[in-house]
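# Survey of secondary and tertiary structure
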Amino acid sequence: DKIDTLVGFFGIGETPTGSKDPFALRRAALGVIRLILENGLRLPLRQVFAIAAATADTASGLLDFFADRLKVHLREQGVRHDLISAVLAVGDEDDLIRLLARVNALQNFVDSEDGANLLTAYRRAANIVRIEEKKDGRQYRDVVDHSRLEQDEERDLIRLLDGITITVTKAVNDEDFAGAMVAVASLRGPVDGFFDEVTVNCDDPELRRNRLNLL
């Protein structure tokens, strides 16, 4: 009933604006969210909205509306809003149970020492690549040339990255998001070792290019 009401009002353009919500649509959406989360319902919202709605635009608008309501609901439970935004930014996630599992796994990751340190290393890597791409006028997204890996730290990092890609993909497909985050956190040591021992912007242009692709 709540979803039918929401779809109907969104379909005729009667959506909440600012503090005005004369038809209590925010409360209706929050009610749907609570029913789903408290009962562990695996409900694909995009499909449900599309069935109830006359247009795809209505379904898309409702998903954005639900995302905002979900942020409010989870913030009230102490979940960091930036983690919610990060998971929502992935896109195409309309299963609230699965979405919440992703948020919880991400929160556990950033709260751990390995996760926090790996995020610091990730920012360092991203900043280096961003600066060099801007300076060189190109992107460094090419496949890493294994024959040009000269130091053990480079070889250790690419070997672990290749293995983790398979592990994480399987874990995500199995909805084992905590397992995926544990696998990602294991990168901390090799990443630290890489930055401690490897000079990315070296004099050899081919070696430099390969190391930027690795980052």
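Attention here is on the structure that accompanies the text. (Residues numbered from 1 in each chain as written. Predicted model: local features only at pLDDT ≥ 70, side-chain atom pairs only at ≥ 80, totals over all residues. Heavy atoms only, no water.)

## Notes on unusual backbone geometry
- A positive phi is found at A24, a non-glycine position, where the angle reads about 55 degrees.
- With respect to the helices and strands, A24 occurs in the loop between α1 (2-11) and α2 (25-39).
- Judged by its relative accessible area of 22%, A24 is partly exposed. (Helix = DSSP H or I, 4+ residues; strand = E, 2+ residues; numbered from the N terminus. Buried < 20%, exposed > 50% of the residue type's maximum accessible area, 1.4 Å probe, protein only.)

## Topic: the pattern of salt bridges
- The full count for this structure, using the stated rule, is 21 salt bridges.
- Across the salt bridge formed by D82 and R80, the nearest N and O atoms sit 2.7 Å from each other.
- For R80, a relative accessible area of 37% corresponds to the partly exposed category.
- For K170, the salt bridge identified is with D174, shortest N-O distance 2.7 Å. (Salt bridge = Lys/Arg side-chain N within 4 Å of Asp/Glu carboxyl O.)

## What to know about helix α7 (residues 113-136)
- Taking 1.5 Å per residue, 24 residues should reach 34 Å; α7 reaches 35 Å between its end C-alpha atoms and fits that length.
- Buried residues of α7: G115, L118, A121, A125, V129, E132 and E133, and no others.
- Where the residues of α7 are buried, they touch α6 (96-111), α9 (177-185), α10 (188-197) and α11 (205-214).
- The backbone nitrogen of G115 has a side-chain oxygen 3.0 Å away, supplied by the residue at the start of α7, namely S112.
- At the C-terminal side of α7, G137 shows a positive phi close to 70 degrees. (Expected span 1.5 Å × (residues − 1). Contact = heavy atoms within 4.5 Å. Polar contact = N/O pair within 3.5 Å; in protein donor to acceptor, adjacent residues only side chain to side chain.)

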